[in-house]
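A look at the structure
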Amino acid sequence: MKLLTLLVLASAMNWAATVAECDGHRKHGRKQPAFDCYLALTSSKDMAVVAEGFWGLKQFKAANDAFRKAQDANPKSADVRVRWGMMFLERFQKKDAADLFTEALELKKDDARALLGLAIVASESYEEKAVETAREALKQDPKLVEAQELLARMALEDGNETLAKEEADKAIAMSAEALNALAVRATIEWLNDRPGTEWSDKILKINPVYGQAWALAAHFFVINRRYEEGILLYRKAIAMEPELWDAKAELGVNLMRLGRDKDAREFLEDAYSHEYKSASVVNTLTLMDSYKNFVRYQTPVTDVRLHKKEAELLKPFFETELLRAIATYEKKYKMKLPNAVRLEVYPDHDDFAVRTMGLPGLGALGVTFGTVVAMDSPSGRKPGTFHWASTLWHELNHVFVLTATEHRVPRWFAEGMAMHEETAGNPEWGDRLDPGAIDAIKKKKLLPIATLDRGFVRPSYPNQVTVSFFQAGKICDYIKERWGFEKLLEMMRGFAARKTTVVVVEEALKMKPEDFDKDFMVWLDKQVGKTVAGYDEWRKNLKIIADNFKEKQYDEVIKKSKAIRDLYPDYVEAGNIYEFLADSYTEKGDKAAAAKELLAYAKIGGRNPATLKRLGKLLEEQGNPKEAAAAYERINYVYPVQDEELHTRLGLLWLELKEPSKAVLEFSAAVASKPMDPTVAYFNLAKAFRAAGRKDEARDNLLSALESAPGFKPAQKMLLELTDK
């Protein structure tokens, strides 16, 4: 309805209304009385009331203008700023909302509703301070039921059902019509496969069309990776309340996550057309528009989607590794997936980030939704910072573990298994012990296994999510080492049977979780205790070594580096000991010693392509083609992007080592790297196909070489040889 029409109707109203009355109608699902009531508010002489009226009518621009006038008329009013901020929150403008709440607190210290607003802002990013701020709001106003409901919601997001019940019950004690607290209570039942009718009946009695309760439940299912059930709940929410645009937006996003693009677009465009233009809606629609730029490659068990600008180059690497990982996991987990794995690889990290928007505790490199995996492309990251193959194995492990448990698995176990499998597949892969984890271990910040999930959802210190990944992976390493891999499978079956971490640990490992924690820490200390204890000494000496190197004091660099290298062997980032040693040995003319240090760097997990290429050349010079090929091959798992020289060099080595299939892969990558001399690139590929016994493909590439240079005699000669035979 147009604004002018609304104003005319409002002026015709001959009865007064209050904001509380209007909100009451809305809360109880009385749509027409609520509409009439909010309409009447717009004729008020108080601009703050007018703003509330337009806000209730979803006339956000008019409401915004009215709030601005209300603030101009009452520049010292904290209440106007708080309500204005709450509207901004509803319109996904978190920063503007937070600014208004902060201004309100400057005007009225300890304003409970301003604190509530800041708590809501923080909660949407799963920040620890959200809980503290909500509690502070309740301290200032013990009857602020919305703050109590927020605490219940956050407790359930943390996976603490006992605390969530307690907090929700406190809210219900404050108000029997605390709809969101009732929704939390219902959700706890639904998450545990119970009907929850006691709570849903109460909700419907208060408001028979309160779809928001089912949308809230859907949110909890989604963050617990139970996407299919979440989608069903969003559908129910919309059926009850068709104008629940935030639920329609979330439904569209989650349908997109599962690869149901047509249905997803329908809901997203519906939300967008009704002015629900949140970042997730806009970005998801933009992402879906970009799908036309992707090339699709299918096998019976894979569906790989690569951007057309790099598809030809990356396809052999990604498809081969995905097929290898699927075969490995099928054997290891004794299961087959229900359908093909869809793998999306994004060269633009912002496109990939759209996939993870609004989800807590996810890594920044890959994400899994059912049998859909999305991840960064190597080209989307700085060379050496991203091991794409390790990420692929990590995310594919989620596909298997989530499928095997019907998505009923705590986050720590899902992430722990994926971290464990990264290094199980190749000890050089996976993340290494980093300074954040060292600091957490030293300060005893690791969480008990029973509450480890909280470290992924609502971190209490900056690096806690990363530390929780590390800890979860080490826990699975420890269980496998002490009890064997079959014990991990037994735990997985326990989670599939809907058992909690405490019960699974007690039943599978025959010990209390607190006893497990003690034993694990003893084991972990044996693994990393030397590094944790020596970290400060290592860091201090590393700076001295760097200064020595700048001053060309190579003997000092070698002496001091050897003394501290083993204090922190996992450190392979910029300025690492291995490269200081290799550079110093090179300056002294000892290339063999330099190669030895760089080989140690590679085997501990070093990933810098330039460093690995340098290692390969040193090994070639030493007459060690096998190790040289292995050094170059490591780069393919890190940054196989537009490097014709690398792929050609490695292809020639594989031919020398009688590995023609691997040579085909490398020369194919050289051809796809837009070579300076396509004739030679095609000829090399033809040689590899011929060596592999694939003569038809060899002939095709010889013809391509001759198209580029008709007089190229080596190609003419090989073509005649193949034709004669």
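Preceding block: the structure.
Residues numbered from 1 in each chain as written. Predicted model: local features only at pLDDT ≥ 70, side-chain atom pairs only at ≥ 80, totals over all residues. Heavy atoms only, no water.

**A short note on the sheet that holds strand β1 (residues 294-298)**
Strands sit in the order β1-β2-β3-β5-β4 across an open sheet of five strands; the sheet is mixed. Edge positions in the sheet fall to β1 and β4 (366-369), since each has one partner strand and no second. Neighbouring strand axes in the sheet, compared pairwise and without regard to direction, differ in orientation by 15° on average. The pairing of β1 with strand β2 (residues 302-307) spans five bridges and is antiparallel. Across the sheet, the residue bridging to Gln298 is Asp303, located in β2. (Pairing = 2+ DSSP bridges. Helix = DSSP H or I, 4+ residues; strand = E, 2+ residues; numbered from the N terminus. Axes fitted to C-alpha atoms, helices over the stretch in contact; angles between N-to-C directions.)

**A few points about the pairing of β2**
Burial of β2 is extensive: six of the six residues sit out of reach of the surface. The two faces of β2 match: Thr302, Val304 and Leu306 on one face and Asp303, Arg305 and His307 on the other face are all buried. In this structure, the hairpin formed by β1 and β2 is closed by a connection of three residues. One ladder, built from five bridges, connects β2 with strand β3 (residues 341-346); its direction is parallel. When the sheet's bridge partners are listed, Val304 is paired in β3 with Leu343. Traced from β2 through helix α19 (residues 311-333) to β3, the parallel crossover comes out left-handed. (Buried < 20%, exposed > 50% of the residue type's maximum accessible area, 1.4 Å probe, protein only. Right-handed = clockwise from strand over helix to strand, strands pointing away.)

**Points about the state of the cysteines**
This model, assessed by the stated rule, comprises one disulfide. Two residues share a disulfide in this structure: Cys22 and Cys37, whose sulfurs sit 2.0 Å from each other. Note on the Cys22 and Cys37 pair: the S-S dihedral is about -80°, so by sign convention the disulfide is left-handed. Residue Cys22 is found in helix α2 (residues 19-27), and its partner Cys37 is found in helix α3 (residues 31-41); the two are separated by 15 residues along the sequence. Residue Cys22 is classed as buried on the basis of its relative accessible area of 0%. (Disulfide = S-S within 2.5 Å.)

**Regarding the packing of helix α16 (residues 245-257) against helix α17 (residues 261-273)**
Between α16 and α17, the least distance of the axes is 8 Å, while the angle of their chain directions is 155°. As summarised for this structure, α16 and α17 are arranged roughly antiparallel, according to the angle between their axes. Relative to α17, α16 is oriented so that their crossing is left-handed. For the pair α16 and α17, the contacting residues are Trp245, Lys248, Ala249, Leu251, Gly252, Val253, Leu255 and Met256 in the first and Asp261, Asp263, Ala264, Phe267, Leu268, Asp270 and Ala271 in the second. For the contact of α16 with α17, a count of residues per class yields ten nonpolar, one polar and four charged. (Parallel < 35°, antiparallel > 145°, perpendicular 65-115°, else oblique. Left-handed = near helix turned anticlockwise from the far one by under 90°. Contact = heavy atoms within 4.5 Å. Nonpolar A, V, L, I, M, F, W, Y, C, P; charged D, E, K, R; others polar.)

**So, the nonpolar core**
In this structure, Trp412 and Phe516 are the most contacted members of the largest nonpolar core, which totals 128 residues. Residue contacts for Trp412: discarding those within four places in its chain leaves Ile449, Leu452, Asp453, Phe456, Ala472, Ile475, Cys476, Met491, Phe495 and Thr501. Val145, Ala183, Phe221 and Ala374 belong to the second largest nonpolar core, which has 67 residues in total. (Core = buried A, V, L, I, M, F, W, Y, C linked by side-chain atoms within 4.5 Å.)

**A short note on the side chain of Arg634**
By the element assignment, Arg634 lies in helix α33 (residues 625-636). The exposure class assigned to Arg634 is buried, which follows from its relative accessible area of 13%. In this view, Arg634 contacts Glu428, Ala602, Lys603 and Leu612; residues no more than four positions away in its chain are not counted.

**A word on unusual backbone geometry**
The phi dihedral of Asp110 falls on the positive side, at around 65°, and the residue is not glycine. With respect to the helices, strands and loops of the structure, Asp110 is situated in the loop between α7 (94-107) and α8 (112-123). For Lys658, which is not a glycine, the phi torsion comes out positive at approximately 60°. Note that Lys658 resides in the loop between α34 (644-656) and α35 (660-672).

**Regarding the environment of Tyr210**
Within the secondary structure, Tyr210 sits in the loop between α13 (197-206) and α14 (212-223). Between the C-alpha atoms of Tyr210 and Lys27, which are 183 residues apart in sequence, the distance is 8.2 Å.

**Remarks on the packing of aromatic side chains**
A full pass over the atoms with the stated rule returns 37 aromatic pairs. Judged by centre distance (5.8 Å) and plane angle (25°), the ring pair of Trp84 and Phe88 falls under stacked. Of this pair, Trp84 and Phe88 both sit in helix α6 (residues 78-90), separated by four residues, roughly a single helical turn. Exposure remark for Trp84: the relative accessible area of 6% places this residue in the buried category. Their ring planes at 65° and their centres at 5.1 Å tell us that Trp538 and Tyr571 sit as a pair that is edge-to-face. With Trp538 in helix α28 (residues 513-550) and Tyr571 in the loop between α29 (554-564) and α30 (577-587), the pair connects residues that are 33 residues apart, well separated along the chain. Grouping residues by exposure puts Trp538 and Tyr571 together as buried. Every member of this aromatic cluster is reached through a ring pair, and the members are Phe318, Tyr329, Tyr333, Trp388, Trp393, Phe400, Trp429, Phe485 and Tyr637. A cation over a ring is seen here: Arg91 above Phe60, with NZ or CZ 4.1 Å from the ring centre. (Phe/Tyr/Trp six-rings, centres within 6.5 Å; stacked < 30°, edge-to-face > 60°. Lys NZ or Arg CZ within 6 Å of the ring centre and 35° of its normal.)

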